[in-house]
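# Observations on the model geometry
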There are 2 protein chains.
Amino acid sequence: MARTAQDVTDAELAVLQLLWDRGRDTIRRLTDTLYPNGTGVHYATVQKLLERLEGKKYVKRNRNDWPHSFQPTVERADLIGHRLQMTADKLCAGSLAPLLTNLVKGSRLTAEERQSLRVLLDELDDEVSGKK
Amino acid sequence: MARTAQDVTDAELAVLQLLWDRGRDTIRRLTDTLYPNGTGVHYATVQKLLERLEGKKYVKRNRNDWPHSFQPTVERADLIGHRLQMTADKLCAGSLAPLLTNLVKGSRLTAEERQSLRVLLDELDDEVSGKK
DNA sequence: TCTAAATAAAGACGAAACGTCTTAATCACG
DNA sequence: CGTGATTAAGACGTTTCGTCTTTATTTAGA
């Protein structure tokens, strides 16, 4: 059984999170945040992580800027959705419904959370019935 | 940034899935299913995977039986819940609510699925209000 | 009881993953 | 131009994980 690499590794995710917060940034500024009082060596680490994120199409490099700036091409919600789908694929034969059930049953939802969830479901009903 | 091992690897999961389906089984029978027309060498692979699952407390070994039988100590729903929590920890600051929202918004839920979800929410309301 | 087959137990091995680091080429700016 | 920063490409070491080897132990059958 072949090993499968992660979509986004933890170190890569740390960089991506900053980009989500900031919209776009340079290697230098990202490095200073991730490694405060860090040596110059960490710059290359962040550089490599961004290079890999770019290769995997999670990040876009702006070569017009100098120094280059980087920005996410994928939103946080997209990655969440992807992770959820992976969990469904491996544990629920690809179906997402069991994940929903698990979350509703397992997590201690507040009354407010339950209510907003109902609102969300009602909106979906409306969309389907064409009322929009 | 230190690397973190997976909770259950893919090869381990293949074994665990069989145990979930069957309740309990021996190495020999699991091996025959996972590697039909496989050589004798695969027996040791399954053996090792079970040993690791046992070490991680996902599986219990019954040493009274001969040959030893193995059974899950964790249900599928438990692992699903754990994976969901991991996703929440890494992408939602630990909160599960965003996962709920993502699933409801993103997945094409059928009318039946939406309805059963509402029933689930109503049951939770009842529990909280003490009617049960 | 003795032997052969099956199982248990422990460990080793290699490829890949991944975080990190090194080195050399390229660029902007005074 | 030359100095410092940035880009570019790659190497390295540790850990992970699927697999395989070897040896000890147990059961079943003659």
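Summarised in this report is the structure supplied together with it. Because the structure is a prediction, the values reported are computed rather than measured.

## Details of the interface of chain B and chain A
Across the boundary between the two partners, chain B contributes 40 residues, which contact 39 residues of chain A. Together chain B and chain A conceal approximately 4,000 Å² of surface at their shared face, both sides included; 70% is due to carbon and sulfur atoms. In this structure, the connection of chain B to chain A is made through eight salt bridges. Note that D10 of chain B is salt-bridged to K90 of chain A, the shortest N-O span being 3.1 Å.

## Quick look at the protein's contact with DNA strand C
Close contacts around DNA strand C come from 26 residues, with T9 of chain A together with M1, R28, Y43 and H68 of chain B the closest. For DNA strand C, the backbone makes up 69% of the atoms found within 4 Å of the protein, where backbone means sugar plus phosphate. With respect to DNA strand C, the side chain of R61 of chain B contributes an N or O atom lying 2.9 Å from a phosphate oxygen. At a separation of 3.1 Å, a phosphate oxygen of DNA strand C approaches a polar side-chain atom of R63 of chain B. Of all the secondary structure elements, the ones that give two or more residues to the surface near DNA strand C are α1 (10-22) and α3 (41-55) of chain A together with α2 (27-34) and α3 (41-55) of chain B. Its residues assigned to classes, the surface near DNA strand C shows 11 nonpolar, six polar and nine charged.

## Structural notes on the packing of helix α5 (residues 97-106) of chain A against helix α4 (residues 76-91) of chain B
In the contact formed by α5 of chain A and α4 of chain B, the axes pass within 10 Å of each other and the chain directions differ by 85 degrees. What the angle tells us is that α5 of chain A and α4 of chain B run roughly perpendicular. In this structure, α5 of chain A contributes L99, N102 and L103 of chain A to the contact, and α4 of chain B contributes A77, I80, G81 and L84 of chain B.

## Here's the deal with the sheet that holds strand β1 (residues 25-26) of chain B
Residue and element names in this part refer to chain B. The three strands lie next to each other as β1-β3-β2, forming an open sheet whose pairing is antiparallel. Looking at which strands have only one partner, the edges of the open sheet turn out to be β1 and β2 (59-62). As paired elements, β1 and strand β3 (residues 69-72) share two bridges and run antiparallel to each other. The partner of T26 across the bridge, within β3, is S69. The strands that α3 touches are β2 and β3; relative to β2, the one it contacts most, it runs at about 110 degrees.

About the thresholds
- Residues numbered from 1 in each chain as written.
- Chains lettered and ligands numbered in written order.
- Predicted model: local features only at pLDDT ≥ 70, side-chain atom pairs only at ≥ 80, totals over all residues.
- Heavy atoms only, no water.
- Contact = heavy atoms within 4.5 Å.
- Buried area = accessible area lost by both parts, 1.4 Å probe.
- Salt bridge = Lys/Arg side-chain N within 4 Å of Asp/Glu carboxyl O.
- Near = heavy atom within 4 Å.
- Polar contact = N/O pair within 3.5 Å; in protein donor to acceptor, adjacent residues only side chain to side chain.
- Helix = DSSP H or I, 4+ residues; strand = E, 2+ residues; numbered from the N terminus.
- Nonpolar A, V, L, I, M, F, W, Y, C, P; charged D, E, K, R; others polar.
- Axes fitted to C-alpha atoms, helices over the stretch in contact; angles between N-to-C directions.
- Parallel < 35°, antiparallel > 145°, perpendicular 65-115°, else oblique.
- Pairing = 2+ DSSP bridges.

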